[in-house]
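Spelled out, the chains give:
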Amino acid sequence: MRIGMIPGMLVVCCTGTLHAQEPDSLRNVSLSEIVVTENYQYLRNRNTTLHLDVVGKEFLKEHFSGNLMQTLEQLPGVHSMDIGSGFSKPVIRGMGFNRVSVTENGIKQEGQQWGADHGLEIDAFNVEQVNIRKGPASLLYGSDAMGGVVEITQAAPPFDDQVFGEVSLLGKSVNGLFGGSVMLGVKKDRWFTKLRFSEQHFGDYRIPADTIVYLTQKMPVHDRRLKNTAGFERNASLFTQYRKGAYMSDYMVSNAYQKVGFFPGAHGIPDPSRVEDDGSARNMGLPYSTVNHLKVTTHQEYAWENILAQWDLGYQNNHREEWSLFHTHYGSQPVPETDPDKELAFVLNTFSSGMKVRFTGSSVWDHRMGWDVQYQRNTISGYSFLLPEYSRFTTGISWLTTWKPDEMLSVSGGLRYDFGKTDIRSFTDPYLETYLRGQGYSEEVVEKSKTRSFPVKRDFGDFSGSLGIVWVPAKAHLLKANVGHSFRLPGANELASNGVHHGTFRHEQGDPDLGSERGWQLDVAYSFFGTFFSVTVSPFASWFSNYIYLKPTGEWSVLPHAGQIYRYTGAEALFAGGEISAKVDLPLHFSYELGGEYVYTYNLDEHIPLSFSPPGSLRNTLSWEKKRMRFYVEHQYIADQNRVARNEDPTPGAQLFHLGAGFRIPVGRTDVELTLSARNLFNTKYYNHLSFYRKVEIPEPGRNFQLLIKIPFKKLF
Amino acid sequence: MKTTFYLSIVIILMSFVLLVSCSDDEKQGDTTKPVITLNAPAEGAALQPGSHIHFDMDLEDDVMLGSYKVEIHNNFDGHTHTKAETGETTPFAYNNSWDVSDKKSTHIHHHEIEIPANATEGNYHFMVYCTDAAGNESYVARNIVLREDGESGEHQ
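The rules behind each value
Residues numbered from 1 in each chain as written. Chains lettered and ligands numbered in written order. Predicted model: local features only at pLDDT ≥ 70, side-chain atom pairs only at ≥ 80, totals over all residues. Helix = DSSP H or I, 4+ residues; strand = E, 2+ residues; numbered from the N terminus. Rg over C-alpha atoms; globule rule 2.2 N^0.38 Å. Contact = placed C-beta atoms within 7 Å. Core = buried A, V, L, I, M, F, W, Y, C linked by C-beta atoms within 7 Å. Buried ≥ 20, exposed ≤ 12 C-beta atoms within 10 Å, placed from the backbone. Pairing = 2+ DSSP bridges. Axes fitted to C-alpha atoms, helices over the stretch in contact; angles between N-to-C directions. pLDDT = per-residue confidence, 0-100.

Regarding the overall build of chain A
In step 1: Along the backbone of chain A there are eight helices and 35 strands.
In step 2: Relative to the globule expectation of 27 Å for 717 residues, the C-alpha radius of gyration of chain A, 25 Å, shows essentially globular dimensions.
In step 3: With the principal axes as the frame, chain A shows a C-alpha extent of 80 × 55 × 55 Å.
In step 4: Pairs at least 24 apart in sequence give 67% of the contacts found in chain A among residues at least 6 apart.

Some details on the nonpolar core
Residues and elements named next belong to chain A.
In step 1: Judged by nonpolar contacts, the single largest core of 62 residues is most densely connected at Val55, Leu68, Leu72, Ile132 and Ala137.
In step 2: Setting aside its immediate chain neighbours within four residues, Ile132 contacts Asp53, Val55, Leu72, Leu75, Val78, Gly148 and Val150.
In step 3: Counting residues in each nonpolar core, the second largest holds 35 residues, with Phe346, Leu348, Tyr390 and Leu550 among its members.

Looking at the sheet that holds strand 4 (residues 65–74) of chain B
Residues and elements named next belong to chain B.
In step 1: With mixed pairing, the five strands of this open sheet are ordered in space as 2-8-7-4-5. Edge strands, defined here as strands with exactly one partner in the open sheet, are strand 2 (46–47) and strand 5 (94–99).
In step 2: One ladder, built from nine bridges, connects strand 4 with strand 7 (residues 122–132); its direction is antiparallel. Bridge pairing links Ile72 to Phe126 in strand 7.

Digging into the environment of Leu308 of chain A
Residue and element names in this part refer to chain A.
In step 1: Its location among the elements puts Leu308 in strand 16 (residues 307–323).
In step 2: The exposure class assigned to Leu308 is partly exposed, which follows from the 15 C-beta atoms found within 10 Å.
In step 3: It is 38 Å that separates the C-alpha atoms of Leu308 and Glu199, two residues lying 109 residues apart in sequence.
In step 4: Apart from residues no more than four positions distant in its own chain, Leu308 is found in contact with Ala303, Arg358 and Thr360.

Overview of the pairing of strand 27 (residues 517–529) of chain A
Residue and element names in this part refer to chain A.
In step 1: Judged from the 12 bridges that link them, strand 24 (residues 477–488) and strand 27 form a sheet pairing that is antiparallel. When the sheet's bridge partners are listed, Val483 is paired in strand 27 with Leu522.
In step 2: Between strand 27 and strand 28 (residues 533–556), which pair antiparallel in sequence order, lie three residues.

Some thoughts on the sheet that holds strand 3 (residues 55–60) of chain B
Residues and elements named next belong to chain B.
In step 1: Across the sheet, which stays open at both edges, the three strands sit in the order 1-3-6 with antiparallel pairing between neighbours. Two strands close off the open sheet at either side, each with one partner strand: strand 1 (35–40) and strand 6 (105–110). Between one strand axis and the next, the sheet turns through 15° on average, direction left out of account.
In step 2: The pairing of strand 1 with strand 3 spans five bridges and is antiparallel.

What to know about the confidence of the model for chain A
In step 1: Per-residue pLDDT for chain A averages 85, and the proportion of residues at 70 or more is 92%.
In step 2: Note on residues 1–38 of chain A: pLDDT under 50 across the span, and 86 contacts to partners over four residues away in sequence or across chains.

Regarding the confidence of the model for chain B
In step 1: Looking at chain B, the pLDDT average stands at 79 and 73% of residues meet or exceed 70.
In step 2: Under the prediction, the complex receives an ipTM of 0.78, its pTM being 0.84.

Details of unusual backbone geometry
In step 1: Omega for the peptide link from Leu286 of chain A to Pro287 of chain A comes to -5°, which places this bond in the cis form.
In step 2: Locating Pro287 of chain A in the fold gives a position in the loop between strand 14 (247–261) and strand 15 (288–303).
In step 3: Omega for the peptide link from Ala40 of chain B to Pro41 of chain B comes to 0°, which places this bond in the cis form.
In step 4: Along the chain, Pro41 of chain B falls in the loop between strand 1 and strand 2.
In step 5: We note that Asn680 of chain A has phi near 50°; this positive angle belongs to a residue other than glycine.
In step 6: At Asn683 of chain A, a residue that is not glycine, the phi angle is positive and equals roughly 55°.
In step 7: Looking at where Asn683 of chain A falls in the secondary structure, it is placed in the loop between strand 34 (670–679) and strand 35 (704–716).
In step 8: C-beta crowding within 10 Å serves as the criterion here: with 14 such atoms nearby, Asn683 of chain A is assigned to the partly exposed category.

In structure tokens, the structure reads:
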């Protein structure tokens, strides 16, 4: 019944896929180059059986927000899970956390992606091109990519030897953000090197409300700014590439540092004293979190006549800390001597290696072989406990064959086997033991509860596979279908977390006996490219025999400040939905774009929806473009989300209006690019169903004016 | 060629509709939370150590109630103290649950919660959690104060 609404819901938005991507802004724009890039995208899409959105420089600039996910959210089927105004993480077709992978230069980004209040540590200024694969990509990227992949890739180096660079400046009114980025590059003979430094500072963000109602208590919002949500980020990166004949290699070192305050009213029991005005909209008091992500990667490539070999190697260090004024409910716990207010800290070290060999000898057959290895080690500190220390080793081998008898048809099939080993250390809490004894709990309860995490040693192994076709019956039509079986190893949090996460205020408990997550996923995408009209429809359906979710157990937690225990549990689950995007070229330089999406989720064991299901939405954009100017007006409709899991609140929908303009102004020998936008023009109060602050009834940021200035320059040798 | 193409699109779309409509006969699981109406203690109530708390509330659920829990812990950290003071007094902490299953609504009234006479005075959080049979949970949080001149909790 309700599913019958899906086709009706599917009406669309502006997607980069249909956009003519303008080439590198450093070069003169000519029509032929536009055609070339469009063909490139079309070719990329023809060569993969999964739906692929290629997002280029122009789209990234037009929708730039200083935050990569909030930019990509403009694409149907992609959502951002926000933590205030600054940081976010990706959700693709209703799947997030460890079910979606983000890769940069071929290496999978590894942080603490399981946490709802943990963002993605990527410098948005440094992103030049993104490919989004919706649907099961575990065949290519391993077990965590079952929901999709966000691939960040480097733009091609310029052809001529030159020194080049770019200065970008960003300002936002909603949180008083000012940010900037400087990039310098050199292309000389076989070498290509780029250096970038970016920084963003923002204050408390404005919401269109004077009070928020949290747990039936009215909490004042002073000056309509959400206290202590200020933050900053500082990123630096160095990229260098060397090419000689058939050999190519690149090296990248990057560091991303983020610090963001948490709204104190969202930490625990509503207490008006905590939300009193602190006199500054830019300070970051307790509680706050910091994260530093260091990444060193290299890519090696050699092309023989019939064989292409590639090797990616990476080391990542993700150091996350959550700070909150020392507090304990256990009378015997002393204040730590060093860093007394460090509540939780996780240091995750990841080593990754990925080898690929491609046999390109035949024009009809194409074989690819891959071998991936990853080792992770997580250490902890802080006065509170949530996730134990662990180490994890995974390895996978894959084979993918494509048969392309002619230009009209291609069939791809592949198989992958992954093996994983998780070793979780135990953790005993002496203060909790004393507390429970003092509370008069029986010895049995004390013994059971004082061990916050049990030692777990588990091995996992499973196959994933896929079979798909790409059919091009005529130049204007493209049809793809793909069926895949994917699996995911349970994360350490799902196996062994045990504690109250201040982000969710729930006692979350892992289950050491969990089986791996597995399911079948079916995807179809049809595109029509006409002279004045193009459309893409991409429905999907997935069935999981074992889908891991946090289930409320009805058992009361013995921990103070917690209700019932939420335990990671497997269930049979169903996902279905799709996206539509369309573009119509109108007379007088006008064009109209439509984008829409819908996701249906259903837990077949409990007969209820799954949590964090994105609401249906629809975007209508009318734009006018001529020479060096572009203007657009956009209407965004977000449907109500009443399909919620247990203990998740329904979220009402909203209608939003946005305006934007882009100019390229010739100054001297360069083009200065100005991008202006006004988001949420009418300062509408609305909620994001996927936001971390949704639970505490905090609306989304209000009206925002934004200015982005880009000044590129170059000098040929 | 064209006919085959359009035919295949129609078949694929139809199989999607069929596949998904299999779940049409979905039984609707219970996602409605129970309702807690906490009458006493009131927000900001001052209570006296060495007395019993006058506890009064109504619980209601659209299907079936499960259990309720009362949890009291100190909120000293909300202000200047970061650690419980030591000495003759002990910070008060309480955690207990009661079964209210097989009922759709109930009125609770009791004086079972005892504040020991040596409880440290100060700010506390008084939490009431209630679950229904399916695991839907709601809770109410109250700020209370323990003070020598607070109410004794007995009926006047």
